[in-house]
Amino acid sequence: SLPKWIQQLEALINATPNAIVGEIGLDGFHFDPNTNDLVSPMEKQVKAFRLQMELAARAKRPVSIHTVKCFGPLFEALNQLKKDATKNKIDAPLPPKMYFHAFGGKIGTIDQLLALCGQKSGQVYFGFAPIINFRSPKTAQVVRKIGVERLVLESDHEDASYVPESMDRCIQFLSSALEMNKQEIIERTTVNAFDLYGLN
């Protein structure tokens, strides 16, 4: 007895062979100014997130994951998905590829995510958006911890006219943080993006 919205999403996914599931995820940042409560209660967010992750796992599709100020609930949700899959004898408890976009976690968070989501190359990717991540002094260290083999470029802009400038900033930032030339960054992140989205 799945909710109607997830049934509709599954129908769309099945009808669109190259589609990914997402952007999905959890947000602990946006509060109602009148009530000081989260705009969407975390319990409700987690329930929707788990349904979407289960769908992506069934359909063997990548996911793009949004996580802001809620890594605790994220880890709990991922752990529970794996426990439920073991209980129900499901071989693939998580989507085959996961992309954490505009990643704002700490260095220690990376090892936790990889332990939960997959250590093998090509299972987990990360992106950093100039308008969100580059103001933090920790971002360069986090990028170095992740390494170029798990990075893709992103802008997080809704207006496409801003994307080229953001891509240039992203390439420059990664080039500096990883001490690689820009062409190497472009080539490797392109390979990563093609793998993530199944464009090979």
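Look a little higher up for the structure.
In this text, all values refer to a predicted model and were calculated from it rather than measured experimentally.

Section: the packing of helix α4 (residues 107-117) against helix α6 (residues 139-146)
- In contact at an axis separation of 9 Å, α4 and α6 are set at 30° when each is read in the N-to-C sense. If you check the angle between α4 and α6, you find them roughly parallel. Crossing angle aside, the handedness with which α4 passes α6 is right-handed. Here I107, I110 and D111 of α4 come into contact with α6, specifically with Q141, V142, K145 and I146.

So, the side chain of D27
- Within the secondary structure layout, D27 lies in strand β1 (residues 21-27).
- No salt bridge is formed by the buried D27. Its closest oppositely charged neighbour is K69, at 9.4 Å.
- Separated by 2.7 Å, the side chain of D27 and the backbone nitrogen of F29 make a polar contact.
- When sequence neighbours within four positions are dropped, the list of residues in contact with D27 reads L38, M42, Q45, H66, V68 and C70.

Considering a nonpolar patch on the surface
- On the surface, F194, Y197 and L199 cluster together into a nonpolar patch covering about 280 Å² of accessible area.
- Tracing the backbone shows F194 in helix α8 (residues 182-196).

A closer look at the packing of aromatic side chains
- Taken as a whole, this structure holds six aromatic pairs when the rule is applied.
- Between F100 and F126, the aromatic rings sit 5.8 Å apart at their centres with planes inclined by 25°, giving stacked as the arrangement. Taken together, the residues F100 in strand β3 (residues 98-100) and F126 in strand β4 (residues 124-128) connect sequence positions 26 residues apart. Here F100 matches F126 in class, with each residue buried.
- For the pair F103 and F126, a centre-to-centre distance of 4.9 Å together with 70° between the ring planes defines the contact as edge-to-face.

Some remarks on a negative patch on the surface
- Taken together, E23, D156, E158 and D159 make up a surface patch of like negative charges.
- Along the chain, D156 turns up in the loop between β5 (151-153) and α7 (163-178).

A closer look at the sheet that holds β4
- Read from one edge to the other, the open sheet built from five strands follows the order β1-β2-β3-β4-β5, with strand pairing classed as parallel. Among the strands making up the open sheet, the edge pair consists of β1 and β5. Recorded for the sheet is a direction-independent mean angle of 30° between the axes of neighbouring strands.
- Summarising the sheet, β1 and strand β2 (residues 63-68) pair through six bridges and their orientation is parallel. Bridging from a neighbouring strand, V21 pairs with V63 of β2.
- Across the face of the sheet, α8 comes into contact with β3, β4 and β5 while running at roughly 100° to β5.

What about the pattern of salt bridges?
- All told, the structure shown has four salt bridges when counted by the stated rule.
- Between E10 and R58 there is a salt bridge whose closest N-O contact spans 3.1 Å. Of this pair, E10 sits in helix α1 (residues 4-15) while R58 sits in helix α2 (residues 42-59); the two residues are 48 residues apart in sequence, bridging distant segments of the chain.
- D111 is paired through a salt bridge with K145; the nearest N and O atoms lie 3.2 Å apart. On the criterion of sequence distance, the pair formed by D111 in helix α4 and K145 in helix α6 is long-range, its members being 34 residues apart.

Some thoughts on the packing of α7 against α8
- Where α7 contacts α8, the two axes come as close as 9 Å, and the packing angle between them is 110°. Compared by their axis directions, α7 and α8 come out roughly perpendicular. Across the interface between the two elements, I171, Q172, L174, S175 and L178 of α7 pack against K182, I185 and I186 of α8.

Basis of the calculations
- Residues numbered from 1 in each chain as written.
- Predicted model: local features only at pLDDT ≥ 70, side-chain atom pairs only at ≥ 80, totals over all residues.
- Heavy atoms only, no water.
- Axes fitted to C-alpha atoms, helices over the stretch in contact; angles between N-to-C directions.
- Helix = DSSP H or I, 4+ residues; strand = E, 2+ residues; numbered from the N terminus.
- Parallel < 35°, antiparallel > 145°, perpendicular 65-115°, else oblique.
- Left-handed = near helix turned anticlockwise from the far one by under 90°.
- Contact = heavy atoms within 4.5 Å.
- Buried < 20%, exposed > 50% of the residue type's maximum accessible area, 1.4 Å probe, protein only.
- Lys, Arg positive; Asp, Glu negative; His and termini not counted.
- Salt bridge = Lys/Arg side-chain N within 4 Å of Asp/Glu carboxyl O.
- Polar contact = N/O pair within 3.5 Å; in protein donor to acceptor, adjacent residues only side chain to side chain.
- Patch = residues over 30% accessible without salt bridge, like charges linked within 9 Å, V, L, I, M, F, W, Y side chains within 5 Å.
- Areas by Shrake-Rupley, 256 points an atom, 1.4 Å probe, with all protein chains shown as cover.
- Phe/Tyr/Trp six-rings, centres within 6.5 Å; stacked < 30°, edge-to-face > 60°.
- Charge placed at Lys NZ, Arg CZ, Asp CG, Glu CD.
- Pairing = 2+ DSSP bridges.

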